[in-house]
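Okay, here's what each chain looks like letter by letter:
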Amino acid sequence: MTIGAVSYLAGFFAFLFLTALVLVSWRGNATGRWLILASAVTTAWSGILALQDLYHFFPSAFIWSVEIIRTYIWLLFLGRLFNPLKESGAGSCSTVSKLIDRGVHVAAGVVAAYVWISPVLDQAFPDVFWPALQLSGHVCLALIGLILIEQYFRNVRTDIRWRIKFLCFALGGMFAYDFYLYSDALLFRHINSDLWTARGAVSALLPPLLIVSAARNPQWSVDVFVSRQVVFHSATLLGSGFYLLLMATAGYYIKIYGGEWGAVAQIVFLVGAFLLLALLLFSGQMRARMRVFLSKNFFNYAYDYREEWLRIITMLSDTASGLSLEERVIVALGQAVESPSGVLWVRESNGHLVWRACFGDPGCDISFIDRDDALVRYMEDKEWIVNLPEMVEMPEMYHGVVRPSWLRPNCDAWLLVPLFQQKHRMMGLVLLSRPRTSIQWNWEVIDLLKTSSRLAASYLALEDAGRALAEARQFEGFNRLSAFVIHDLKNLIAQLSLVVRNAERHHNNPEFMRDAIKTVDHAVGRMSRLLSQLKNSGSGQSEQIIDLGELLREVVKARMVQAPIPTCDMFRKPIRIKANRDRLAVKFRKIMNLLAKKMGMRHLPVFKSLNRGEMA
């Protein structure tokens, strides 16, 4: 395979990819249709010239016709781009319109006509160099293309020129190359074979620029999407490859011209080059600069908002990262603007902002910000993100508010981002340090930080609410435990008080002493079990298999010391359940005390009405 065929095949595959991409993304707009047509024609042109270089079976008239069609279609595409300028009444559009309507068609028609009548003219007038007319026509077509590109770029508004600059570079380069090729051929009366051979490879460089322009111009209805991650990694890989190629070339010449030290110097140089490459690839500052550069020059917006939103949500919800939620908030906001560190203050119930977390080394150790601080009130009233360098350079934007005194002059502070959960209700404040690379401070960055800060504020509010709910549940459990302990203590005090009151009269009665010792022993056992429960032994561990009838008879017997005296006539067969014996006994005592108080009955029928099925 010849080098010419390889060159034109490179252009063929490059434009084939462009054609497929814009065809899949096309949304029906006429400008997009012309771009697809021009790309498809250029694909066919590259393929035909590659075949011609290999097999030489196409007639020259056919090759030149394909050449004219390819240039003509690109000129018509440029003419289509002038329609919005005509509608807006741009200054020189009348002249450009005439140039499009007349010059393109006339020049293309003359050159196409000559291609088919040139054999007749050569036979009729063999002494005349008739190819000069054809070459002049190609020069005119290339010159018209350059004029169109210059007029298009001149008449586009300056604020949107960034959208079409890559298109102008691509087509301007194509027409400039054609102009040089045919001007050289017209001057020397033959086409330079090297220029003709390299033309295909030069064309292969154009599709990436056209893809970027299509992505930046949604009015073409060519919705081309290129992943930022793909662009970033591809640019990194391409840069690394170019760097290694350059270092390998330098190492080769060091070996050739280094004399007896050449081989050693080459090894040292290459090892140093690889180490430098590794340092660059792992440098956070270099990666940040690369991302910012690519976002500025290859995309409509500085951020891929879908990726940013997913990144922020993932970071805020990543409990397995080992960082607290407050630290994750600082990291999530800092990554959006390449800030490596920060501080978070959260508003307490008294309105003051209190230090909650710190990430990295921001050089700021302020633990407390007063709620009446002028800058805090300004941010709360305006819902404004404070850019501290901007505050110094343009104080008129901040209505007389100056840099706060609680920030040291040598502090690395850059942004103060308020966290709003509700309108004019600032629940926190994040300080971010200076970014790793220069960030263009504009509405896009501000809106992303505002939206992200509201999401972060909602996460902080949910965590605070969960913490408050957990504390409330702990207090509720403590209250239930306190009520249980107080009830048991009251019962034990009542039993022991009764023993003490009767001891003076019945201390000589052996039966009374036996009952008193039993009562004290029972109280000691109850107190021991109560202490065991207070030591968090757990209710599940205190559960046991008990006989319900035996427990109830025991409770009734203890209640017989007070009127009305209950009776228990049931449970002829044992009923065994698994429960906390003491708590169940307390429940039974509560029921008997309540019935005795409200009904004043000698016998409590509630226990007579119980049967085996009801107890189960």
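Residues numbered from 1 in each chain as written. Predicted model: local features only at pLDDT ≥ 70, side-chain atom pairs only at ≥ 80, totals over all residues. Heavy atoms only, no water.

Student: Mind laying out the overall build of the chain, listing which residues take part and the relevant values?
Tutor: Across its full length, the chain holds 22 helices and 8 strands. Buried positions account for 41% of the 616 residues belonging to the chain. Considering only contacts within the chain whose residues lie at least 6 apart along the sequence, 68% involve residues at least 24 apart. For the chain, the exposed area adds up to about 34,400 Å²; of that, 62% sits on carbon and sulfur atoms. (Helix = DSSP H or I, 4+ residues; strand = E, 2+ residues; numbered from the N terminus. Buried < 20%, exposed > 50% of the residue type's maximum accessible area, 1.4 Å probe, protein only. Contact = heavy atoms within 4.5 Å. Areas by Shrake-Rupley, 256 points an atom, 1.4 Å probe, with all protein chains shown as cover.)

Student: I'd love a proper account of the nonpolar core, names of residues and values included.
Tutor: With 33 residues, the main nonpolar core has Trp74, Tyr152, Leu171, Phe175 and Leu210 as its most contacted residues. Not counting residues up to four positions away in its chain, the partners in contact with Leu210 are Phe15, Leu18, Trp74, Leu167, Ala170 and Leu171. Val337, Val346, Ile385 and Ala461 belong to the second largest nonpolar core, which has 32 residues in total. (Core = buried A, V, L, I, M, F, W, Y, C linked by side-chain atoms within 4.5 Å.)

Student: Report on the packing of aromatic side chains, specifying residues and quantitative values.
Tutor: All told, the structure shown has 10 aromatic pairs when counted by the stated rule. Aromatic side chains Phe12 and Phe13 sit 5.2 Å apart centroid to centroid with 75° between the ring planes, which places their arrangement in the edge-to-face category. According to the relative accessible area criterion, Phe12 is partly exposed, its value standing at 22%. Arranged with centres 6.1 Å apart and planes meeting at 65°, the rings of Trp414 and Trp441 form a pair that is edge-to-face. Here Trp441 lies in the loop between β6 (425–433) and α17 (443–506) and Trp414 lies in strand β5 (residues 413–422), a separation of 27 residues in the sequence. Residue Trp414 is classed as buried on the basis of its relative accessible area of 7%. (Phe/Tyr/Trp six-rings, centres within 6.5 Å; stacked < 30°, edge-to-face > 60°.)

Student: Mind laying out the pattern of salt bridges, listing which residues take part and the relevant values?
Tutor: Summed over the entire model, instances satisfying the criterion amount to 12 salt bridges. A salt bridge links Glu67 to Arg70; the shortest N-O distance between them is 4.0 Å. You can see Glu67 and its partner Arg70 sitting in helix α3 (residues 60–81), 3 residues apart, about one turn around the helix. Just as Glu67 is buried, Arg70 falls in that class too. Measuring nitrogen to oxygen at the nearest pair gives 3.3 Å for the salt bridge that ties Glu463 to Arg467. With a gap of 4 residues between them, Glu463 and Arg467 both fall in helix α17, about one helical turn apart. Taking relative accessible area as the criterion, Glu463 reaches 28% and is therefore assigned partly exposed. We classify Arg467 as partly exposed; its relative accessible area is 36%. (Salt bridge = Lys/Arg side-chain N within 4 Å of Asp/Glu carboxyl O.)

Student: Could you give me a rundown of the sheet that holds strand β3 (residues 368–369), with the residues and numbers involved?
Tutor: Reading across the sheet, the 6 strands line up as β3-β2-β1-β6-β5-β4 and stay open at both edges, with antiparallel pairing between neighbours. Two strands in the sheet have a free side with no partner beyond their single neighbour: β3 and β4 (386–387). Inspection of the sheet shows strand β1 (residues 342–347) paired to β6 by 5 bridges, in the antiparallel sense. Across the sheet, residue Leu344 finds its bridge partner in β6, namely Val430. Across the sheet, helix α14 (residues 325–336) lies against β1, β2 (353–359), β5 and β6, angled at about 70° from β2, the strand it touches most. (Pairing = 2+ DSSP bridges. Axes fitted to C-alpha atoms, helices over the stretch in contact; angles between N-to-C directions.)

Student: How would you explain the environment of Ala108 if you had to name every residue and give the values?
Tutor: Looking at the secondary structure, you find Ala108 in helix α5 (residues 93–124). Along the backbone, Ala108 and Cys140 are 32 residues apart, and their C-alpha atoms lie at a distance of 9.1 Å. What Ala108 contacts, discounting residues up to four positions off in sequence, is Ile68, Tyr72 and Leu141.

Student: So what about helix α8 (residues 193–204)? Which residues, and what values?
Tutor: Within the span of α8, buried status applies to Leu195, Trp196, Thr197, Arg199, Gly200, Ser203 and Ala204. The inward-facing, buried residues of α8 contact α1 (3–25), α2 (30–55), α3, α7 (161–188) and α9 (207–216). Put simply, Asn192 is the residue that caps the front of α8, since its side-chain oxygen is 2.9 Å from the backbone nitrogen of Asp194. (Polar contact = N/O pair within 3.5 Å; in protein donor to acceptor, adjacent residues only side chain to side chain.)

Student: Got a sec to walk through the packing of α7 against α9? Specific residues and values, please.
Tutor: Relative orientation and spacing of two packed helices are given, respectively, by the angle between their axes and the distance between those axes. Between α7 and α9, whose axes approach to 8 Å, the crossing angle comes to 155°. Regarding the angle of α7 to α9, the classification is roughly antiparallel. Where α7 crosses over α9, the handedness of that crossing is left-handed. Residues Trp162, Arg163, Lys165, Phe166, Leu167, Phe169, Ala170 and Leu171 of α7 touch α9, and the partners they reach there are Leu209, Leu210, Val212, Ser213 and Arg216. Here the contact of α7 with α9 is composed, by residue class, of 9 nonpolar, 1 polar and 3 charged. (Parallel < 35°, antiparallel > 145°, perpendicular 65-115°, else oblique. Left-handed = near helix turned anticlockwise from the far one by under 90°. Nonpolar A, V, L, I, M, F, W, Y, C, P; charged D, E, K, R; others polar.)

Student: Just give me the short version of the packing of α1 against α9, but keep the residues and values in it.
Tutor: Viewed as axis vectors pointing N to C, α1 and α9 meet at an angle of 15°, and their least axial separation amounts to 9 Å. The angle between α1 and α9 falls in the class roughly parallel. Handedness of the α1/α9 crossing: right-handed. Here α1 contributes Ala14, Phe15, Phe17, Leu18 and Leu21 to the contact with α9, which in turn contributes Pro207, Leu210 and Ile211. Considered class by class, the residues forming the contact of α1 with α9 number 8 nonpolar, no polar and no charged.

Student: Can you explain unusual backbone geometry? Please cite residues and give values.
Tutor: Within the chain, His56 stands out as a residue other than glycine whose phi angle is a positive 55°. Relative to the helices and strands, His56 resides in the loop between α2 and α3. Residue class for His56 comes out exposed when judged on its relative accessible area of 56%.

Student: Mind laying out the confidence of the model for the chain, listing which residues take part and the relevant values?
Tutor: Caution applies to low-pLDDT parts of the model: their predicted coordinates are not meant to be read in detail. Taken over all residues, the pLDDT of the chain has a mean of 76, while the share at 70 or more is 72%. With pLDDT under 50 throughout, residues 537–541 is counted as low confidence; its partners more than four residues away or in other chains account for 3 contacts. Note that residues 601–616 has pLDDT below 50 and, in this model, 27 contacts with residues that lie over four places away or in other chains. (pLDDT = per-residue confidence, 0-100.)

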